[in-house]
Amino acid sequence: MLTQAPRGTKDILPSDVYKWQYVEGLFRDVCEKFGYKEIRTPGFEHTELFKRGVGETTDIVQKEMYSFKDNGGREITLKPEGTAPVVRAFIENKLYADTQPTKLFYITPCFRYERPQAGRLRAFHQFGVEVFGTDNPSVDAEVIAIAMMFFNKLQIQNLELRINSIGCPDCRARYNDLLKEYLRSKLDHLCKTCQDRFDRNPMRIIDCKVESCKEQLQDVPLMLDHICDECQQHFESLKENLQLMGIPYKVDPTIVRGLDYYRKTAFEIVSHEIGSQSTVCGGGRYDGLVESLGGPSVPGVGFGMGIERLLLTLENNHIEIPQAPGVDIFIATLGDKAVKEATRLLHQLRMAGISADKDHMNRSLKAQFKYADKLNASYTIVIGDNELENDAVSLKNMKTSAQSEVKLSNIIDELRAKLLKEE
Ligand code: ATP
Ligand code: MG
């Protein structure tokens, strides 16, 4: 127990962390190119925020939240997703009073009590983007473009962007009547979850993954066929914006986000390799959310992307992430005097912005070189009594094996010049 991480959690080990740093760096980079600023919110919030912000009828709120009472008796929940906390921060800090739109991105851990499997953990991570302050379909397209450009830069193929419009409260109310009419006669044949959803959230029934339910719903009326003119225009404009940017998409009328405050655009980016956990990125427009959490009536649109699922997709596509570079220089030593000189010199090198290392295990010279290899050192020097006496060392390029004689007292400048040349 003591030495086993809780079920559904995973360590990111030093040998793997370069992948995380790479995708995080790339995500930041892409978001910043689009003019988005990073926001960081706490790891936990009042439980009520997620109940209202994610929705009482969702899987997240009904069965997946890590909730507890803190020692002060407050109902607290570990962040299961990123949108509700960002909306809370947007309202609390009055970001709506700034020039709009507010364009934000985040990188965050998330916690959900789920059955762990490939691409599904209890502690996982998300990239996300949210834009507040305009319902212009150009920002729906921009948000999608961020995700697609990010995937593109990672050279992931076999991804499909699926878009849909799930209407607005007006056309959804009319559609829900129609849908319920259709579903009523089939209710006995649907699963328990679907039956529960019939009154509270009928549109979610279309999303059911149970085979027998899917069979019942083959000719179910779809929201997209019943959206109002305004929603239709919004959807057409979204498609036009995507076309202008050369982003291919597929209209998929079965994508649903069954919550009241979700409006118009809903989208998913699906990878064909991971099997059932194939949605790498999901998002949409949530024009009613800010208001329903106590803020002004401000529209919003965004997405969430699972980082573990992204890394799995990269693996399945055999895409290698560039390894982090090794240490610039390794200082091998022979004798006590040399060890002292190495300590002094190492600190100077590091102060000068050069990554440098030495042995800490009293290794033999041969073993020190092996260790330097393991650290993937670009250069090595050996300091012994001779080198100290003559102020001369042999600087060895570990890749080419080329050696050059340099003054020990001048090693920082010499090395810096060589490293610069290699860049
Ligand atoms: P799914 O249908 O796979 O359960 P979801 O609808 O619950 O996904 P969202 O709430 O939209 O997912 O979260 C956005 C993204 O976060 C997902 O597309 C996925 O990449 C990732 N994600 C969701 N749940 C998990 C989890 N338990 N473990 C790892 N990644 C997850
Ligand atoms: Mg889920």
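These numbers were taken from a predicted model, which means no experiment stands behind them.

Trainee: Even after reading the chapter, I still don't get the site of ligand 1, so can you show me in this structure?
Mentor: Lining the immediate environment of ligand 1, one finds 14 residues, of which Arg112, Glu114, Arg120, Leu121 and Arg309 sit closest. Contact between ligand 1 and Arg112: an oxygen atom at 2.9 Å from a side-chain N or O atom of the residue. Take Val280: an N or O atom from its main chain is 3.2 Å from an oxygen atom of ligand 1. In the complex, 79% of the free accessible area of ligand 1, which totals 590 Å², lies under the protein chains. Contributions of two or more residues to the shell around ligand 1 are made by strand E6 (123-132), strand E10 (279-285) and strand E11 (300-306). Of all the elements, E10 adds the most residues to the shell around ligand 1, at three residues.

Trainee: Would you mind going over unusual backbone geometry with me for this structure?
Mentor: Leave glycine aside and you will find that most residues have negative phi; peptide bonds, for their part, are mostly trans. Of the consecutive residues Gln100 and Pro101, the connecting peptide bond is found in the cis state with omega at 5 degrees. Phi angles above zero are rare outside glycine, and Lys264 is one such case at about 55 degrees. Of note, Asn362 is a non-glycine position whose phi angle comes to about 55 degrees, a positive value. Relative to the elements of secondary structure, Asn362 occurs in the loop between strand E13 (356-358) and helix H13 (365-374).

Trainee: Could you clarify how one ought to interpret the packing of aromatic side chains in this entry?
Mentor: The description of an aromatic ring pair uses the distance of the two centres, along with the angle that the planes make with each other. Tallied over the full model, the rule gives eleven aromatic pairs. Between Tyr66 and Tyr113 the ring centres are 5.9 Å apart and the planes differ by 75 degrees, which places this aromatic pair in the edge-to-face class. Taken together, the residues Tyr66 in the loop between helix H3 (59-64) and strand E3 (67-69) and Tyr113 in the loop between strand E5 (102-111) and E6 connect sequence positions 47 residues apart. On the basis of relative accessible area, Tyr66 is assigned to the partly exposed category, the value being 29%. Overall, the relative accessible area of 45% leaves Tyr113 in the partly exposed class. Every member of this aromatic cluster is reached through a ring pair, and the members are Phe27, Phe105, Phe127, Phe150, Phe151 and Phe303. The ring centre of Tyr113 lies 4.1 Å from the NZ or CZ of Arg122, which sits over that ring.

Trainee: Which parts of the structure should I look at to understand the UniProt feature "binding site: L-histidine" (unreviewed entry) in the protein chain?
Mentor: According to UniProt, the "binding site: L-histidine" (unreviewed entry) feature falls on Glu81, Gly82, Thr83, Arg112, Gln126, Glu130, Arg257, Tyr261 and Tyr262. Within the secondary structure, Thr83 sits in helix H4 (residues 83-92). Beyond its immediate sequence surroundings of up to four residues, Thr83 is in contact with Tyr106, Glu130, Tyr286 and Leu289. With respect to the helices, strands and loops of the structure, Tyr262 is situated in the loop between strand E8 (250-251) and strand E9 (263-271).

Trainee: Explain the sheet that holds strand E4 (residues 75-78) here, please?
Mentor: Strands in a sheet are paired, the pairing made by backbone hydrogen bonds, and the direction either parallel or antiparallel. Across the sheet, three strands lie side by side as E2-E4-E3; this open sheet has antiparallel pairing. Taken across any chain shown, the strands that pair with only one partner, and hence form the sheet edges, are strand E2 (44-46) and E3. Ignoring strand direction, the axes of neighbouring strands in this sheet form an average angle of 35 degrees.

Trainee: Sorry, what's going on with the sheet that holds strand E15 (residues 393-397) here?
Mentor: Sheet architecture is open: five strands sit in the order E13-E12-E14-E15-E16, paired in mixed fashion. Two strands lie at the open edges of the sheet, namely E13 and strand E16 (403-406), each paired on one side alone. Sheet twist, expressed as the average angle between the axes of neighbouring strands with direction ignored, equals 25 degrees. Bridge analysis of strand E14 (residues 379-383) against E15 gives two bridges, and the strand direction is antiparallel. Counterpart to Tyr379 in the pairing with E15 is Asn397. Packing against the sheet, helix H12 (residues 336-351) makes contact with strand E12 (329-333), E13 and E14, and its axis sits at approximately 160 degrees to E13.

Trainee: Looking at this model, I keep getting lost on the side chain of Glu341. Mind explaining?
Mentor: With respect to the helices and strands, the residue Glu341 is situated in helix H12. Here Arg344 takes part through its side chain, which lies 2.6 Å from a polar atom of the side chain of Glu341. Beyond its immediate sequence surroundings of up to four residues, Glu341 is in contact with Ile383, Leu388 and Leu408.

Trainee: When you look at the domain arrangement of the protein chain in this model, what are you seeing that I'm missing?
Mentor: Buried accessible area, meaning the area lost when the parts come together, often serves as the stated size of an interface. Domain annotation of the protein chain identifies domain 1 (14-168 + 227-316) and domain 2 (329-416). Look at where the C-alpha atoms of domain 1 and domain 2 centre, and you get two points 49 Å apart.

Trainee: I would appreciate a short explanation of the packing of helix H1 (residues 17-33) against helix H11 (residues 307-316) in the present structure.
Mentor: Two quantities define a packed helix pair, namely the angle between the helix axes and the distance between the axes. Contact geometry for H1 and H11: axes closest at 11 Å, N-to-C directions at 105 degrees. In this view, H1 runs roughly perpendicular relative to H11, as classed from their interaxial angle. Side by side, H1 and H11 meet where Lys19, Trp20 and Val23 of the first sit next to Ile307, Glu308, Leu310, Leu311 and Leu314 of the second. For the contact of H1 with H11, a count of residues per class yields six nonpolar, no polar and two charged.

Trainee: I'm lost on the pairing of strand E7 (residues 159-165) in this one. Help?
Mentor: Here is the key point about a regular strand: its side chains alternate between the two faces of the sheet. Buried residues dominate E7, accounting for six of its seven residues. Direction of pairing for E7 relative to E9: antiparallel, over a ladder of seven bridges. Note that in E9 the partner of Glu160 across the bridge is Val270. Sheet topology note: the E7/E8 ladder contains two bridges and is parallel. Paired with Arg162 across the strands is Lys250, a residue of E8.

What counts, and at which threshold
- Counting restarts for each chain: residues are numbered from 1 in the order of the written sequence.
- Lettering of chains starts at A and numbering of ligands starts at 1, both following the order in which they are written.
- A pLDDT threshold of at least 70 governs which residues receive local features in this predicted model, and a stricter bar of 80 or more applies before side-chain atom pairs are shown or counted, although totals over entire chains, interfaces and linings include all residues.
- Working from all heavy atoms in the structure, the side-chain values ignore hydrogens and water.
- A single heavy atom is enough: if one lies within 4 Å of a molecule or strand, its residue is considered near that molecule or strand.
- Here a polar contact is taken to be a pair of N or O atoms separated by no more than 3.5 Å, where protein atoms must pair a possible hydrogen donor with a possible acceptor and residues adjacent in sequence count only if both atoms sit in side chains.
- In this description, accessible areas are obtained by the Shrake-Rupley approach with a 1.4 Å probe, and a residue is regarded as covered only by the protein chains that are shown.
- Numbering of helices and strands starts at the N terminus; helices are DSSP runs of H or I of at least 4 residues and strands are runs of E of at least 2.
- Each Phe, Tyr or Trp ring, with Trp reduced to its six-membered ring, pairs with another whose centre is within 6.5 Å; inter-plane angles below 30 degrees give stacked pairs, above 60 give edge-to-face pairs, and intermediate values give tilted ones.
- Remark: exposure states derive from per-residue accessible area (1.4 Å probe, protein chains only) relative to the maximum for the residue type, with buried under 20%, exposed over 50%, and partly exposed in between.
- Working rule: Lys NZ or Arg CZ, within 6 Å of ring centre, within 35 degrees of ring normal, means a charge sits over the ring.
- UniProt positions are given in the numbering used here, feature names are shortened, and annotations may be inferred rather than shown by experiment.
- Between two residues, a contact is recorded if the distance between any of their heavy atoms is within 4.5 Å.
- When DSSP finds at least two bridges between two strands, those strands are taken to pair.
- Between the N-to-C directions of two axes lies an angle of 0 to 180 degrees, each axis being a line fitted to C-alpha atoms and, for a helix, fitted only over the stretch in contact.
- Per the annotation, domain bounds derive from an automatic or database assignment of domains.
- For this classification, under 35 degrees means roughly parallel, over 145 means roughly antiparallel, 65 to 115 means roughly perpendicular, and everything else is oblique.
- Residues are grouped as follows: Ala, Val, Leu, Ile, Met, Phe, Trp, Tyr, Cys and Pro are nonpolar; Asp, Glu, Lys and Arg are charged; every other residue, Gly included, is polar.

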